[in-house]
Amino acid sequence: NEIRLAPTFMLAHGLSPYPGANSGPVTTWIYGPLPLLLQLPAVLASSAAGALLLSGFVNAAITVIAVSLAVVSFSRRQPMAGRMDAWVGILLCLALWPMTALEFAQADNAAVAVGLLSLLCLQHSTPTRRRLAALGRAAAIAYKQTLLALALAECVYLLQRENLRAAIRHGLWISILTALLLGAAALA
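Residues numbered from 1 in each chain as written. Predicted model: local features only at pLDDT ≥ 70, side-chain atom pairs only at ≥ 80, totals over all residues. Heavy atoms only, no water.

Engineer: Looking at this structure, I do not really get the overall build of the chain. What am I missing?
Structural biologist: Assigned secondary structure in the chain consists of nine helices and zero strands. Going residue by residue from the N terminus, the α and β elements of the chain occur as α-α-α-α-α-α-α-α-α. Viewed in the frame of its principal axes, the chain has a C-alpha envelope of about 55 × 40 × 20 Å. Counting all 188 residues of the chain, 36% fall into the buried class. Of the accessible surface of the chain, which amounts to about 11100 Å², a share of 71% is contributed by carbon and sulfur atoms. The averaged location of the 6 negative side-chain charges in the chain is 14 Å from the averaged location of its 12 positive side-chain charges. (Helix = DSSP H or I, 4+ residues; strand = E, 2+ residues; numbered from the N terminus. Buried < 20%, exposed > 50% of the residue type's maximum accessible area, 1.4 Å probe, protein only. Areas by Shrake-Rupley, 256 points an atom, 1.4 Å probe, with all protein chains shown as cover. Lys, Arg positive; Asp, Glu negative; His and termini not counted. Charge placed at Lys NZ, Arg CZ, Asp CG, Glu CD.)

As structure tokens, then:
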């Protein structure tokens, strides 16, 4: 985990985790800019152990929040589901969640979490929710670039569920928001 936190500390101290060919220390950071920002609370710790604990808390919290929102959203659409069903669903999801995802502070956790929230917004297809879904997908891409393929999947989903225009509009929103997020990171 300390290796995954080093780029965040670099960023906080004015060094780029994305150095050029002839500038700055070489890092192994290959992820987008959002994991660096997500882990910034670790910089506030007064010790290395405290930084690791804060990072672990952020890592676990984003997973628990995303799973909870997904289960609650699903259970609300089930006429027979009650609060206890939602709690059982949340606990079951967390029990089945890969333990390594909760042990290691990695970009994957937040990327999956915001991707899941993006899919939830897309499922409730109103114009505002579709824009939130596009923002969530752009954020997922800014966490981990390999999630770009899921942007195409969301567009195919909208093509099947609605029409070509909705799919193209969603793809454009994802492209614009992703460019803005990555562009802002490049300028910083």
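Engineer: Before we go on, may I ask you to explain the nonpolar core in this structure?
Structural biologist: Nonpolar side chains tend toward joint burial in soluble globular proteins. Listed in full, the 12 residues of the largest apolar core are Leu 34, Ile 62, Ala 66, Ala 110, Ala 111, Ala 113, Val 114, Ala 139, Ala 140, Ala 142, Tyr 143 and Leu 147. Every element with two or more residues in this core is listed here: helix H3 (48-76), helix H6 (107-123) and helix H7 (127-143). If we skip the residues at most four places from it in the chain, Ala 66 touches Ala 113, Leu 116 and Leu 117. (Core = buried A, V, L, I, M, F, W, Y, C linked by side-chain atoms within 4.5 Å. Contact = heavy atoms within 4.5 Å.)

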